[in-house]
Amino acid sequence: MNTSSAIRRDVGPIALMLTGLGSIIGSGWLFGAWRAAGLAGPGAIWAWILGAAIILTIALTYAELGAMFPESGGMVRYSHYSHGSLVGFIAAWANWIAIVSVIPVEAEASVQYMASWPWQWAQDLYVQAPGGHGELTAPGLGISALLVVVYFLVNYWSVKLFARSNSTITVFKLVVPALTAVALIASGFHAQNFSVGLHGADGPVLDFSAILTAIATAGIVFSFNGFQSPVNLAGEARNPGRSIPLAVVGSILLATVIYVLLQVAYLGAVPPHMLEQAGWHGIDFRSPFAQLAIIVNLHWLAMLLYVDAFVSPSGTGMTYTATTARMIYGMQRNGTAPDILGRVHAHWGVPRPAMWLNLAVSFLFLFFFRGWGTLAAVISVATVISYMTGPVSAMSLRRTAPGLHRPLRVKALPLLAGAAFVMATELLYWARWPLTGQIILLMLVALPIYFYYQAKSGWHDFGRQLKGAWWLVCYLPTLALVSWLGSSTFGGRGYLAYGWDLVVVALIGIAFYVWGVHSGWRTPSVEQAERIPHPEQVQAQG
């Protein structure tokens, strides 16, 4: 393999799992409990548990795909194998938007925590607004941009340096959240807070629709999206068949325990008098856990949290800087990005031109989305759309390419993949109109790029590509329409009653899942993959 395209396989199974865990435990733990409680009250605990279960079903389908195709940027390649270039492009675009936007949101999280420091210059970095919609000021954005550059530079000198530094950071990131949860619970736990509803003591304690919206937009999906990092780094894994499922499942389960503990600690630590006027919906913090630590006189914990507000998001930011570069590398291999973006540095083994592109796009997201809450909601919906093709691709390839070597063969995949697609469809609906429609539109505006590369190739085999993509082309507008028509509970016009709307969305999910699975075909890419020995087969022969 020539030096222009050779990616190193240097990452072991533990480092790969820590990469996933490091991506999941980023700014989500610093703000997720606050945002989830603000949307669902005590029901936020259930939101984390249900969210983890949904993401785990989706992640298992990607674990099979990642082990089967252990290549860098794999998340943007799988649907290209199963359904052709058009589905591959839409999925790749959605996935890239969802992941590249995480880089600036992690930097914003660090600066937003700085805004509760006791000095005026720090407090001027962020302007607070109700509902978690505050924004960074110009100095705050400048510091965020500097952090993004730091993430970029760490990754500029090889995946081995990235994995070594990330493993150290991840260990620290595990200790601090666990210590925070235990310290807050021990310092003064207010059990009566769990009987206060979203809008106060007079309202219902648990609101199922609020729990569903919290899963989709509070940063829960956004946080668990980190399971993609070990999948995208499969090309660097020494033993992908063993490493990828261990990294994906292990990181999700460990993170779930930590996030639930943090949510319980947050709900119990808020002083009861703060809930008297407007309930959980009225609580607005700049740096939630640090401010709670100060309220209960745990100043040492507050100082530790201010330090971790740089460590945790920075670890995630560095991880995503690595994985997004591999995604652009994968898009170039799909034939829908310039050749220069597929170039890998001969000595350091990283796709540097792709890293430069992601750096520029990160700056754009910083400029247009200047607060953690706003950008996290956008990322969450884009993430859900990016999940859609994984379960369909995994099941389609079982049908069209049964001979492909599968180091991991997930049991009951037809049932699991169907459930994963239906739940992803529900997640997209729960995100509420108009956000759902806006992000679906963002997914479709990139199609001219695909058509440009098709025209450049003389529209080669375009008819087959379009036939394999009709299900997805119809699916996205259908979901946007149903979101608009849906119950007012989820921001719709109210033509569908609450409860029945969830049933309709589930039926739509089942129908499009069946259509999508049967739209898969033996693409040239999958035929080529069958002719190339799998890395594990090569290793066994050696």
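The structure under discussion appears in the preceding block.
**So, the overall build of the protein chain**
Then step 1. When its secondary structure is counted, the protein chain shows 26 helices and 2 strands.
Then step 2. On C-alpha atoms alone, the protein chain measures out to a radius of gyration of 22 Å, which is about the 24 Å that the 2.2 N^0.38 rule sets for 542 residues.
Then step 3. C-alpha extents for the protein chain along the principal axes are approximately 65 × 55 × 40 Å.
Then step 4. Residues counted as buried form 63% of the 542 residues belonging to the protein chain.
Then step 5. Across the protein chain, the fraction of contacts at a sequence separation of at least 24, relative to all contacts at a separation of at least 6, is 83%.
Then step 6. In the structure as shown, the protein chain presents an accessible area of about 19,300 Å², 68% of it carried by carbon and sulfur atoms.

**So, the nonpolar core**
Then step 1. Membership of the largest hydrophobic core comes to 183 residues, with the highest contact counts inside it found for F224, Y266, W280 and W430.
Then step 2. In terms of residue count, the dominant contributor to this core is helix α3 (residues 44–68) (14 residues).
Then step 3. Those residues in contact with W280 that sit more than four places away from it in its chain are A37, G38, G41, P42, N193, V196, G197, L198, Y266, L267, V270 and L275.

**Observations regarding α3**
Then step 1. Here α3 contains 25 residues, and its C-alpha end-to-end distance of 36 Å stays within 8% of the 36 Å for a straight helix at 1.5 Å per residue.
Then step 2. With 19 of 25 residues buried, α3 is to be regarded as a mostly interior element.

**Concerning the pattern of salt bridges**
Then step 1. This model, assessed by the stated rule, comprises 4 salt bridges.
Then step 2. The salt bridge involving E64 is made with R398; its shortest N-O contact spans 3.0 Å. Here E64 is found in helix α3, whereas its partner R398 is found in helix α18 (residues 389–400), with 334 residues between them in sequence. When sorted by exposure, E64 lands in the same class as R398, which is buried.
Then step 3. Note that E530 and R522 form a salt bridge whose closest N and O atoms lie 2.6 Å from each other.
Then step 4. Given the relative accessible area of 32%, E530 is considered partly exposed.

**Quick notes on helix α16 (residues 352–368)**
Then step 1. Taking 1.5 Å of rise per residue, the 17 residues of α16 would be expected to cover 24 Å, and the 25 Å separating its terminal C-alpha atoms lies within 8% of that figure.
Then step 2. As for α16, its buried residues are in contact with α5 (85–100), α6 (102–114), α8 (138–156), α15 (299–333) and α17 (372–387).

What counts, and where the lines are drawn
- Residues numbered from 1 in each chain as written.
- Predicted model: local features only at pLDDT ≥ 70, side-chain atom pairs only at ≥ 80, totals over all residues.
- Heavy atoms only, no water.
- Helix = DSSP H or I, 4+ residues; strand = E, 2+ residues; numbered from the N terminus.
- Rg over C-alpha atoms; globule rule 2.2 N^0.38 Å.
- Buried < 20%, exposed > 50% of the residue type's maximum accessible area, 1.4 Å probe, protein only.
- Contact = heavy atoms within 4.5 Å.
- Areas by Shrake-Rupley, 256 points an atom, 1.4 Å probe, with all protein chains shown as cover.
- Core = buried A, V, L, I, M, F, W, Y, C linked by side-chain atoms within 4.5 Å.
- Expected span 1.5 Å × (residues − 1).
- Salt bridge = Lys/Arg side-chain N within 4 Å of Asp/Glu carboxyl O.

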